[in-house]
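# A closer look at the structure
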Protein chains: 2
Amino acid sequence: MSSDRLIYLPLGGAGEIGMNAYIYGYGKPGKERLILVDLGVTFPDMDGTPGVDLILPDIGWLAEHRDQLEAVFITHAHEDHVGAVAHYYNQLGAPIYARAFTANIARRKMSEFGHPERAVQTVSPWPEFTEAGPFKVGFIPISHSIPESSGLVIDSPEGRVIHTGDFKLDENPVVGEPFDRALWEEISAPGVKALICDSTNVFSPLAGRSESSVGPEIEKLVAGSKGMFVCTTFASNVARVKTLAEAGERAGRSICLMGRAMRQMIEASVETGVLKGFPKTVSPEDAKGIPRENLMLIVTGSQGERRAASAQLANGKYQGITLKEGDTFLFSSKTIPGNERGVIRIMNQFSEMGVDVVDDSSGLYHVSGHANRPDLEAMHKLVQPQILIPMHGEHRHLREHVKLAKSNRLNGFLAVNGMMIDLSGNKPNVAEYIETGRTYLDGSVKVGALDGIVRDRIRMALNGHVMVNVILDENDDPLGDPWCEIMGLAETGHSRAPLVDVLEEDLSQFLGRAGDRTLADDDKLEEGLRKIARQSTQTEIGKRPEVTVVISRMAL
Amino acid sequence: MSSDRLIYLPLGGAGEIGMNAYIYGYGKPGKERLILVDLGVTFPDMDGTPGVDLILPDIGWLAEHRDQLEAVFITHAHEDHVGAVAHYYNQLGAPIYARAFTANIARRKMSEFGHPERAVQTVSPWPEFTEAGPFKVGFIPISHSIPESSGLVIDSPEGRVIHTGDFKLDENPVVGEPFDRALWEEISAPGVKALICDSTNVFSPLAGRSESSVGPEIEKLVAGSKGMFVCTTFASNVARVKTLAEAGERAGRSICLMGRAMRQMIEASVETGVLKGFPKTVSPEDAKGIPRENLMLIVTGSQGERRAASAQLANGKYQGITLKEGDTFLFSSKTIPGNERGVIRIMNQFSEMGVDVVDDSSGLYHVSGHANRPDLEAMHKLVQPQILIPMHGEHRHLREHVKLAKSNRLNGFLAVNGMMIDLSGNKPNVAEYIETGRTYLDGSVKVGALDGIVRDRIRMALNGHVMVNVILDENDDPLGDPWCEIMGLAETGHSRAPLVDVLEEDLSQFLGRAGDRTLADDDKLEEGLRKIARQSTQTEIGKRPEVTVVISRMAL
C-alpha cells in the first residue's frame, strides 16, 4: 500500500497569464482529497477565438474527481481568478471560500446564474483558517491591484505550501492592506515546503513602485487640464479609481463613474467596507448639466474593449456625453499585450475629436500590480521554501522565474498546466500528465477548444465560403443545373463574369461528365463538386474557399 | 481664368503608418500636372481583414486622372513605400523613379508581375534632378533603416517643397549615407515653402540613437552565448544584418541567412554596391554540418509572421535545422503594435524548447529608423519651412506633430488622407476632399474595403453559418422537409438534440404553418426561414448565425 502524498496540479495559469486554476491534493495516490485555488477565465481574441465569449479552463479531470474535491479557494476578485466560478458551479458543487470583497463579487456572479449565493462563504484572514479535508487553509493579506488580495497558507500533513496569489510588495497601496513583512515572516518561520509564486513581471528589472506614487502625478495632470477630464483604468483597481476621483475632487471637479463594471466594483467595495471616504459622485444624467471644466469622468474600457464606455465615447457619445476639442483622456493603465489595436483605435478617434490623449508611456500614471524581478527575489528570500514553483505566467515567464530561483540557489521547478507534481519527499517529481486545455463559452454553450468549431469559423474568415446545391432524381440524373451561393468572396474575378456563374457553369460541366457511379455515390459526388468549386474559385479569384455541398435526391 | 496652384494630396499614409502615397500637383485647378511620391502597402490582420493578402491605398482618384500623372517617385524600398508599384502599374502607367537600391527592389516586383523593368528608372541623388512636368525633383540622401533612403526636393513655380521620406538623423548608419547636415542646409537655404515630414516617433521624447550603437552590445551577447545563435531583424535593415553578421564572424561563427526576403535584400545590396564587406555566408544545407556553437543564423520573421523562418524554427524545424536547449534567439527589432500576439507565441515556443530568447526590452539590441521628437525639432529648425505638414503617422501622430510645430512657432497644418491642400499663397487651404480608402488584395483580385466581402467573412467568424435548403414543387408545396448544414456552430445545444435536427424541425413547422402567399414569394419565404433559423439557434446555443437560404423550385 502506497503512502499519502501531497500533489500540485495546475489546470490553468501555468503556461499563460489568465484562467488560473490550481489543484492541491493530499492522500493516497488516486484518492487524494483535493482543493482548488482560483477558478478564472481568460479573454478571447479575433486571432484565435473569433466569436467566442469567454475562455475557461478545461476542468474535465476535476469534474471526474469531484467527489474528492473539498473546497474552492479564491485569492482575489480579478476575472482571471474568479471569473469561472459560476460557469462551473454545477460541475463541481464544492463550497467556495473567499474574503469579504472577493466573496461579494463571486456572489454577484453566482446570482446571475441562479446559483445559491450561500455556496460562497466569507472567511477572515490569518490567523483564522478553513479546514478542508486534510488541509488547513489560511488567507494571508497581500498587496495587489484589487482590494483584499491574498496569498494562501496551505498546511497538510506533508508540510506547508504558500501560494502567493497575485501580489506586489506595496507598503502604501492606497486601498486595502499594505504588504506586511512581519506577517509573511511569521508564516514562513516554521519552514515552507513549496512556494507557488506569481511570475507575471519576472522580466521587469526594476523594483516595483507603490500605488501611492501615481496620485501626485495624476493630480498635477488634472490640475493643468482645461476641458473635461476623462480617465480610464481597470474597474477592479479600486485604489486607482479612488486616486483618480480624489485628484478630480481636489481640482474642484464633480466625479462621475461610467460603465457597469466600474459602478459594481465601487459598490462592492463600499458594501464590504474596504473603501472609505470615496468622493461624492454624480450620475451621468446630472453630469450632463455640469460645465465640462468642472467634470471628471472615470470610465471603463482601458483595454479598448468595443462595448465599454471609453470605446463608446470614442465613437461619439455615451450616456448623452460627447468629448470635444480641449478635453483630456487619460489611460491610467497599461495595455495588455494583444489589446494594442483596440487601444490605438480609440486614441486615434479621440485625436480626431481634438481630445488630448495621455497614456502611461511616461511611466507616471500607472504602476503594475505584480511583483517585479527584485520583488520576486525578496519574496524568495523571505519565504525560503524548499521548492519554488512559478505560476501565473506564460512559459517564458515560468522558465525565467525558475532560472532566477536557481541563480539564487533556490530549487526552482517548472510545472505547466496538466503536470501533476508530487511534492512529497525531498524533491518534486512529475507524478502524472493530466489532459488539460481550454473550454470556450460560445454563445450560451461550452465547446472544447479542439472541437473544430472555432477552427471552422476561422477558416471561413480566411477563405470565404461557397455553398453548392445539386438535386438528383430517382435515376441519379441531375434535376436542373447545380447552383451556388457565395459568402465572403469577391463577386467577380479574372473572367469578369460573376463568380457564381462561372462556378455554376463549371459544376454543370462536371455533372455532365460524371459517370453513373459518381452520380449514385453521395461521397464521391460531394468530393468531385467540392474539388471543382475550389479549383474554379482559385482560378477566378485566387482563393481556396470552404465549400459546403448539399445533394438532394428526390423520390418523386 | 483662375491661376496656377500647387497642391498636396495624401492618398495614404496621412492617418496611418503604412501604404504611403502622396500626390503633388501644379497647374490650373482640376488640370494640375501630378507626381506621386511613394506607392506602398500595409498589412492585414485577423481583427479587421482576415484572409486579406495585402492592403493597398485606393487610388481611384489618381487612376481617373492618370493623364495628368507625370511620374512616380519612390523614396526608399520599404514595403509601405514601394509595395504597391507593381499592383498598380497597369492603372497608372507612369514612369517610376528611384535610386539604385530602391529601383533594384522595385524592378524585382515589376518582373514578378510581368511588367517591364524599364518602367523603373534609376536616378542619381542631388544635385541631379528629374524633370516631371512643372516639377523638378531631386533625391536627397538621408539616414533610415534601409539603404539609400531619400528625402525629395520638389521644386515648382510656386516654390520648393521638401518631402522628408522616412528618416532619422544618424551620422554613423553602418550602411548607406550618414545624415549630411550641410547638404540639408544647402537645400533649405533658398527658402522652403512646405516641409512634409515623417511623424512616426513624435511621441518618443529622447533623441534617437545611431545604428552604430547596437553593434558592440550585440557582439557582447554573441560572445557570451554557448549554443547556436539565431537572430532576426527586418530583412531590409541591411545595416543591422551586417552588424549581426559581423558580430557572429568576430565570435568565430559561420553565418547563414535564412528566409527569402533576407537573401533578396542582401542580394540587392550587393548588386547595387551599397553593401560591401559582408561576411562570407554558408547555405542552410552546409549550416547543418557546422557545430551549433560555431553557427549564427540570421532569419526573417521579426514580427512573428507565421510563414517566416523564425515561426518555422519555433514550430520545430526550418530547412533541416532545429533549435534546442542552450541556443539563443535574439529579436534585434521592435514589435510593431498589433503584432504582439504572434511574437509572444514564438517566444513561448522557443521557451518550451529551452532556447533563451532575448528581445529589445533592455533597449540594447535595436534602434528605431525614425526621427524622435528632438530630432524632428532639429529638422524643423534646419529647414525652417513656411508650412509644416506632418505625414507618415496615425491621426494622433499627425496631431501631436502639428502641436510640436506650433509650440516652436512653426505653421503646422494637419492634412489627412483625401484632403487636397492648396499650398499656393500665404497659407494652406483645403481645396477639396477626395474620396480615399483602402483596397484589399484578396487572393488574386482587388476588392474595396467597403464592398462588404471581408465584413461577411468577419461575420461568419463571429457568428457561424447556417445554410437552409428548401425545395418546392410547381404548386409551391414543399417537396420533403427543409434541411440544414451548419459550419462553425456547436453541434448540440440546450435541448441536447443535434442543432441541425432542432433547426430542421422548427423550419419544417414554419413551412407547415406558412400561407400560400409566403410559399409563393421567394423573398418572404427566405425572410421567414432566416428568422426561424436565427431564433432557433439563439435559443439552442445562444448565437445568432449568418444564414444563407436556398430555395429551389422544381418544375417537373
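Residues numbered from 1 in each chain as written. Chains lettered and ligands numbered in written order. Predicted model: local features only at pLDDT ≥ 70, side-chain atom pairs only at ≥ 80, totals over all residues. Heavy atoms only, no water.

In the nomenclature of an unreviewed UniProt entry, chain A is known as Ribonuclease J 1 of Roseovarius litorisediminis.

From N to C terminus, chain A includes 17 helices and 27 strands. Looking at chain A residue by residue over its 556 residues, the buried ones come to 59%. As displayed, chain A offers around 21400 Å² of accessible surface, 46% of which is attributable to carbon and sulfur atoms. One way to put it: in chain A the 58 positive side-chain charges average out to a point 5 Å from where the 75 negative ones average out. (Helix = DSSP H or I, 4+ residues; strand = E, 2+ residues; numbered from the N terminus. Buried < 20%, exposed > 50% of the residue type's maximum accessible area, 1.4 Å probe, protein only. Areas by Shrake-Rupley, 256 points an atom, 1.4 Å probe, with all protein chains shown as cover. Lys, Arg positive; Asp, Glu negative; His and termini not counted. Charge placed at Lys NZ, Arg CZ, Asp CG, Glu CD.)

Size it by volume and the second largest pocket reaches roughly 470 Å³. As for the second largest pocket, its lining consists of 18 residues, and the residues nearest its centre are S444, V445 and K446 of chain A together with H494 and R496 of chain B. Every element with two or more residues in the lining of the second largest pocket is listed here: α3 (89-92) and β24 (445-448) of chain A. Taken together, the residues of the lining of the second largest pocket sort by class into seven nonpolar, eight polar and three charged. (1 Å grid on protein atoms, 1.4 Å probe; cavity = no way out; pocket = protein on both sides within 12 Å on 5 of 7 lines; lining within 4 Å. Points joined across faces, edges and corners; volume = space filled by probe spheres on them. Nonpolar A, V, L, I, M, F, W, Y, C, P; charged D, E, K, R; others polar.)

With that out of the way, let us pick up the relation of the copies chain B and chain A. By a simple turn and slide, chain B fits onto chain A: the slide is 0.0 Å along the axis, the RMSD is 0.1 Å, and the turn is 180 degrees. Both copies are brought into coincidence by an operation consistent with a two-fold rotation axis. For chain B, the residue whose C-alpha comes nearest the rotation axis is A461 of chain B, separated from it by 2.7 Å. Interface overlap between copies: 98% of the residues of chain B at the interface are likewise at the interface in chain A, consistent with a symmetric, same-surface contact. (Least-squares fit on C-alpha atoms with pLDDT ≥ 70 in both. Contact = heavy atoms within 4.5 Å.)

This part covers the environment of A371 of chain A. Residues and elements named next belong to chain A. In this structure, A371 sits in the loop between β18 (356-358) and α12 (373-383). Take A371: its relative accessible area is 2%, and that puts it in the buried class. The spacing of A371 and S3 is 368 residues in sequence and 37 Å in space, taken between C-alpha atoms. Dropping the residues within four chain positions of it, A371 is found in contact with F167, K168, N201 and L376.

Interface size is commonly expressed as the accessible area that is lost once the parts come together. Contacts between the two partners involve 64 residues from chain B, matched on the other side by 63 residues from chain A. Carbon and sulfur atoms supply 60% of the area buried between chain B and chain A, which totals about 5500 Å² over both sides. Contact with chain A buries surface across chain B, with M46, R341 and M487 of chain B losing the most and accounting together for 13% of the total. The interface formed by chain B and chain A contains ten salt bridges. Elements that contribute at least two residues to the side of chain B that touches chain A include exactly α11 (340-353), α13 (395-407), β24 (445-448), α14 (453-463), β25 (465-472), β26 (483-487), α17 (522-541) and β27 (546-553) of chain B. At eight residues, the largest contribution of residues to the side of chain B that touches chain A is made by α14 of chain B. Counted by class, the side of chain B that touches chain A contains 25 nonpolar, 19 polar and 20 charged residues. (Buried area = accessible area lost by both parts, 1.4 Å probe. Salt bridge = Lys/Arg side-chain N within 4 Å of Asp/Glu carboxyl O.)

In this section: the domain arrangement of chain A. Split by domain assignment, chain A resolves into domain 1 (5-206 + 368-448), domain 2 (211-358) and domain 3 (464-553). Averaged C-alpha coordinates put domain 2 of chain A and domain 3 of chain A at centres separated by 55 Å. (Domains from an automatic or database assignment.)

All names here are of chain B. Spatially, the three strands line up as an open sheet ordered β26-β25-β27, and their pairing is mixed. Each end of this open sheet is capped by a strand with a single partner; those strands are β26 and β27. Between one strand axis and the next, the sheet turns through 15 degrees on average, direction left out of account. Two strands pair when backbone bridges link them, and β25 and β27 are joined in this way by eight bridges, in the parallel orientation. Counterpart to I471 in the pairing with β27 is S552. (Pairing = 2+ DSSP bridges. Axes fitted to C-alpha atoms, helices over the stretch in contact; angles between N-to-C directions.)

Here we take up the packing of aromatic side chains. How two aromatic rings sit relative to each other is set out by the distance from centre to centre and by the angle between their planes. Taken as a whole and judged by the stated rule, the model has twelve aromatic pairs over all chains. Summarising the aromatic geometry, the rings of F73 of chain A and F139 of chain A are spaced 6.1 Å apart at their centres and angled 50 degrees between planes, so their arrangement reads as tilted. Remark: F139 of chain A occurs in strand β10 (residues 135-141) and F73 of chain A occurs in strand β6 (residues 69-73); sequence separation between them is 66 residues. Both rings, one in Y8 of chain B and one in Y22 of chain B, keep their centres 6.4 Å apart while their planes meet at 10 degrees; by these two values the pair is stacked. Remark: Y22 of chain B occurs in strand β3 (residues 21-27) and Y8 of chain B occurs in strand β1 (residues 5-12); sequence separation between them is 14 residues. By relative accessible area, Y8 of chain B is classed as buried at 0%. For Y22 of chain B, a relative accessible area of 0% puts it in the buried group. Within the aromatic cluster, the residues linked to one another by ring pairs are Y8, Y22 and Y24 of chain A. (Phe/Tyr/Trp six-rings, centres within 6.5 Å; stacked < 30°, edge-to-face > 60°.)

When you line up the elements, S536 of chain B lands in helix α17. Those residues in contact with S536 of chain B that lie beyond four places of it in its chain are L503 and D506 of chain B.

In total, this model carries zero disulfides over all chains according to the counting rule given. Free of any disulfide, C231 of chain B has its nearest neighbouring cysteine sulfur in C256 of chain B, separated by 11 Å. (Disulfide = S-S within 2.5 Å.)

This part is about helix α4 (residues 100-112) of chain A. Residues and elements named next belong to chain A. Helix length check: α4, at 13 residues, gives a terminal C-alpha distance of 18 Å against a target of 18 Å (1.5 Å per residue), a fit within 8%. Buried residues of α4: F101, T102, A103, N104, I105, A106, R108, K109 and M110, and no others. The inward-facing, buried residues of α4 contact α2 (79-82), α3, β7 (96-98), β8 (120-122), α7 (238-250) and α8 (260-271). Positive phi appears at G114, one or two residues downstream of α4, with a value of about 75 degrees. (Expected span 1.5 Å × (residues − 1).)

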